[in-house]
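Spelled out, the chains give:
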Amino acid sequence: MPSTEGLPVAVHDAVIGALLPGPDAVPSHAGLLEHDLVLYADRSGAPVAVLPGRNFLRAPTVVAAVTTTGEWSLVLTPARKTLPSLAGPSGAPAQTAAWARTSDLPTMQPTVASVTVRVAEQTMTITTVQGQRRHEVGVGQDATPTPTGVSGYLQARYEDPAQALAPGAIQLTSLHATAADEPYTGTDGGLIAIHANPNPRGRASHGCIRVRADAIAELDALPLGTPIVVLP
C-alpha cells in the first residue's frame, strides 16, 4: 500500500478537487474499513486522497462500491469535490467517488435494501427483502434544495441531543447540499441527513429529509452502506 502521508482526508467536511463526481449508479456492495483506504482519481495515476479507517464517531468507516473491474473498484466518498459557492450556476456535485484497489477493500457484502426519495411527491420508499414501505417526508426549501438525480449511501447514524426534534437517530448520508456551503450554519460540511420531525411534510428544511419517528425506526434496521437514491 502506498504511503498516505500528506494526502487529504476524504471526510464529511473536506473539499478535494481531485475526486470524481458521483457516477450515475448505486452502490452494489458495502463493507467496514479495517484500515485507511487510498483513493485514486484514475487507475493509472498517483493517489489523491485517503478514506480514513475510522469516521467522526470513531467507528469503522463504511465504504460503498458501485462497480469492480478486476484490480480496481469505484467507491463513493463522503467528501466534497467543490463548494457550491465556487461551483457556479450548475451547483456542486452532491456525491463524489474515487478508485481504490480491490485488494485494499475489506470484505464486501451485497446491498440488499434501498431507500428512494421522490422530492416532488415528498415520499420515501424503503425496499427490503420483505417488501416496500412508503412514508411521507419533508424536503429542502427552494433556496436550500434537497439534491435530486443522485445516489449515495447511509454512512453513519447517531443521536444528537441538540437536534432532538423527535425520537430516533440521525441517518447521515454521503450526499452533500448542492446550492449552499453550510445550509444549516453548522459544521457538518453540508451533508444531507434523514432525521425525525413531528411534522415532516412540506418544503421547509435546509436540504435534509424529514420523516416521522416510525420511518426512522425502519431506517435503523437497515445496514449502513444501504444505497439511497434521490429523484426529482
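Above this text sits the structure in question.
In short, a report on the structure.

Reading the values: rules and limits
- Residues numbered from 1 in each chain as written.
- Predicted model: local features only at pLDDT ≥ 70, side-chain atom pairs only at ≥ 80, totals over all residues.
- Heavy atoms only, no water.
- Helix = DSSP H or I, 4+ residues; strand = E, 2+ residues; numbered from the N terminus.
- Rg over C-alpha atoms; globule rule 2.2 N^0.38 Å.
- Buried < 20%, exposed > 50% of the residue type's maximum accessible area, 1.4 Å probe, protein only.
- Areas by Shrake-Rupley, 256 points an atom, 1.4 Å probe, with all protein chains shown as cover.
- Salt bridge = Lys/Arg side-chain N within 4 Å of Asp/Glu carboxyl O.
- Phe/Tyr/Trp six-rings, centres within 6.5 Å; stacked < 30°, edge-to-face > 60°.
- Lys NZ or Arg CZ within 6 Å of the ring centre and 35° of its normal.
- Contact = heavy atoms within 4.5 Å.
- Arc of directions from axis to C-beta.
- Pairing = 2+ DSSP bridges.

1. Observations concerning the overall build of the chain
Assigned secondary structure in the chain consists of two helices and 18 strands. Scaling as 2.2 N^0.38, a compact globule of 232 residues should have a C-alpha radius of gyration of about 17 Å, and the chain matches this with 17 Å. Dimensions of the chain along its principal axes, counting C-alpha atoms only, are 50 × 40 × 30 Å. Burial status across the chain gives 49% buried among its 232 residues. Accessible surface computed for the chain: about 10400 Å², of which carbon and sulfur atoms make up 52%.

2. Considerations on the pattern of salt bridges
Note on pairing: side chains with opposite charge can pair once their charged atoms come close. Applying the stated criterion across every chain, the model contains four salt bridges. Across the salt bridge formed by Arg-212 and Glu-136, the nearest N and O atoms sit 3.4 Å from each other. Within this pair, whereas Arg-212 is found in the loop between strand 17 (209-211) and helix 2 (213-220), its partner Glu-136 is found in strand 11 (residues 131-136), the two being separated by 76 residues in sequence. Overall, Arg-212 belongs to the partly exposed group, its relative accessible area being 37%.

3. Some details on the packing of aromatic side chains
The full count for this structure, using the stated rule, is two aromatic pairs. Aromatic side chains Tyr-40 and Trp-72 sit 5.0 Å apart centroid to centroid with 85° between the ring planes, which places their arrangement in the edge-to-face category. Here the residue Tyr-40 occupies a position in strand 3 (residues 37-40), and Trp-72 occupies one in strand 6 (residues 72-77), the gap between them amounting to 32 residues. A single burial state applies to Tyr-40 and to Trp-72, both of which are buried. When the ring of Phe-56 is compared with that of Tyr-158, the centres are 5.6 Å apart and the planes differ by 85°; the resulting orientation is edge-to-face. A residue pair is termed long-range when its members are at least 10 positions apart, and Phe-56 in the loop between strand 4 (47-51) and strand 5 (62-69) and Tyr-158 in strand 13 (residues 150-158) qualify at 102 residues. A relative accessible area of 41% places Phe-56 in the partly exposed class. Taking NZ or CZ as reference, Arg-43 lies 4.2 Å from the ring centre of Trp-99, over its face.

4. Quick word on the environment of Ala-14
Summarising the element assignment, Ala-14 is placed in the segment before strand 1 (20-21). Residue Ala-14 is classed as buried on the basis of its relative accessible area of 13%. Along the primary structure Ala-14 and Val-50 are separated by 36 residues, whereas in three dimensions their C-alpha atoms are 11 Å apart. Those residues within four positions of Ala-14 in sequence are excluded, and the remaining contacts are Val-9, Ala-79 and Arg-80.

5. Thoughts on helix 2
Listed as buried for helix 2 are Ala-215, Ile-216, Glu-218 and Leu-219. Burial along helix 2 is one-sided: seen end-on, the buried residues are contained in an arc of 160°.

6. Some details on the pairing of strand 14 (residues 170-176)
Among the seven residues that make up strand 14, seven are buried, leaving the element largely enclosed by the rest of the structure. Strand direction decides the pairing type here: strand 14 and strand 15 (residues 191-196), joined by three bridges, are antiparallel. Residue pairing for strand 15: Gln-171 is matched across the bridge by Ile-194.

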